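Fold and contact review
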Amino acid sequence: MKEALRRAGVRTAATVGADDAQQVWDFAREHGYPIILKPRDAAGAADTRRVDDDSQLAAALDSMGHYSSIAVEEFIEGHEGFYDTVSIDGQIALDFASHYYPNVLEAMRTRWISPQFVATNRVDGGGLYDEMREMGTRVNAALGIGTSATHMEWFHGPKGLVFSEIGCRPPGVGCWDLYNAANDMDVYAAWAEAVVHGRISQQPSRSHSAGIVALRPDQDGVISGYTGLEEVENRFGRWIIDANVPVAGTGTQPVEAGFMANAWVRMKHPDYDHLRFMLDEVGRVVQVHAG
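Report follows, based on the coordinates. (Residues numbered from 1 in each chain as written. Predicted model: local features only at pLDDT ≥ 70, side-chain atom pairs only at ≥ 80, totals over all residues. Heavy atoms only, no water.)

So, about helix 3 (residues 54–63). Note: α-helices contain 3.6 residues per turn, so residues at a spacing of three or four share the same orientation. Those residues of helix 3 that sit buried are Leu57, Ala60 and Leu61. Taken around the axis of helix 3, the buried residues stretch over an arc of 95 degrees, which confines them to a single face. Residues of helix 3 that are exposed and angled more than 90 degrees away from the buried face: Ser55 and Asp62. (Buried < 20%, exposed > 50% of the residue type's maximum accessible area, 1.4 Å probe, protein only. Helix = DSSP H or I, 4+ residues; strand = E, 2+ residues; numbered from the N terminus. Arc of directions from axis to C-beta.)

Taken as a whole, this structure holds 19 salt bridges when the rule is applied. In this structure, the salt-bridge partner of Arg133 is Asp124, at a minimum N-O distance of 2.8 Å. Note on Arg133: relative accessible area 22%, which makes it partly exposed. Note that Glu281 and Arg284 form a salt bridge whose closest N and O atoms lie 2.9 Å from each other. Taken together, the positions of Glu281 and Arg284, both in helix 9 (residues 272–285) and three residues apart, correspond to about one turn of that helix. Of the residues examined, Arg284 reaches a relative accessible area of 53% and is grouped as exposed. Salt bridges sharing partners connect three or more residues here, namely Asp95, Asp124, Arg133 and Arg206. (Salt bridge = Lys/Arg side-chain N within 4 Å of Asp/Glu carboxyl O.)

Attention now goes to the nonpolar core. In terms of nonpolar packing, the biggest core is built from 27 residues, with Leu94, Phe117, Tyr179, Val187 and Ile200 touching the most fellow members. Among the secondary structure elements, those contributing two or more residues to this core are strand 5 (79–88), strand 6 (91–101), helix 4 (104–107), strand 7 (116–119), helix 6 (175–183), helix 7 (187–197) and strand 10 (209–215). Here this core takes five residues from helix 6, the largest share from any one element. Not counting residues within four places of it along the chain, the set of residues in contact with Phe117 comprises Phe82, His99, Tyr100, Val173, Cys175, Leu178, Ala210, Gly211, Ile212 and Phe259. Of all hydrophobic cores here, the second largest spans 18 residues; its members include Val232, Met278, Val282 and Val288. (Core = buried A, V, L, I, M, F, W, Y, C linked by side-chain atoms within 4.5 Å. Contact = heavy atoms within 4.5 Å.)

With that out of the way, let us pick up the packing of aromatic side chains. In the structure shown here, the tally under the stated rule is nine aromatic pairs. The interplanar angle of 70 degrees and the centroid separation of 5.6 Å between the aromatic rings of Phe82 and Phe117 together place this pair among those described as edge-to-face. One end of the pair, Phe82, is in strand 5; the other, Phe117, is in strand 7, and 35 residues separate them in sequence. Classification of Phe117 by relative accessible area gives buried; the value is 2%. With a centroid separation of 5.2 Å and 80 degrees between ring planes, the pair formed by Phe117 and Phe259 is classed as edge-to-face. Of this pair, Phe117 sits in strand 7 while Phe259 is found in the loop between strand 12 (240–244) and strand 13 (263–269), placing the two residues 142 residues apart along the sequence. We note that Phe117, like Phe259, is buried. Taken together, the aromatic side chains of Phe82, Tyr100, Phe117 and Phe259 make up a single cluster linked through ring pairs. Looking at Arg50, its charged tip hangs above the ring of Phe75, at a distance of 4.3 Å from the centre. Cation over ring: Arg276 sits above Tyr101, and NZ or CZ is 3.5 Å from the ring centre. (Phe/Tyr/Trp six-rings, centres within 6.5 Å; stacked < 30°, edge-to-face > 60°. Lys NZ or Arg CZ within 6 Å of the ring centre and 35° of its normal.)

Set out below in structure tokens:
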């Protein structure tokens, strides 16, 4: 994928698909640290790790010995987000942009963080979003994507906008539910319309931004209770889309299991910055206790 996109002039991180440990060592010698290792047959961020020196690389390769192939990638500094589309005959007919807080690798490794991703209603505001749309169009053309849902990850930092990866599928973690709630439409129906009829009759209102905040148990084990839920409901109830609050006695899931593995709250608001504030407050106020 990245080789094809580099040939098409799309900026991507240096990468290699390594089938043995020596290829990984050679990549590290050529490009330096940090680098990212991701098993090619693992889902999402499972077993993905950042490596900063030779000793960490040796340990990582030892623990990944059961994988047949590893994607090795230059570490790109910057903010991480994603760009989602429904395309028809290679042309983007419907699009949305979302932001991670913090970046996925940190979010999936750090228990005390209540990570978020937020779908913005500012995607028509130019700047980065225009660059994102141009990149999405070039990616579609380079990879021959015709009529499909797509999910494209990106980084934006000192090197500008850098492509990460794309899947010809919707995003995971119920993200289209956020798009529906924020845009007064049914993205699932729009996807079906595109596939069956080659057109989309709905367009997003951009009336709200919407996001999810994951709430991690303070330790692995069994959930014993919560604090802060009533305060959050009193302060922000009108902006809550829905929530998942597993009952006491429910077994916890590990931090790396993702945004919806344990408790979570989804919210929307017309102002993106105020939505970020509310999600931050939910993450700060609500505590999930386990034993």
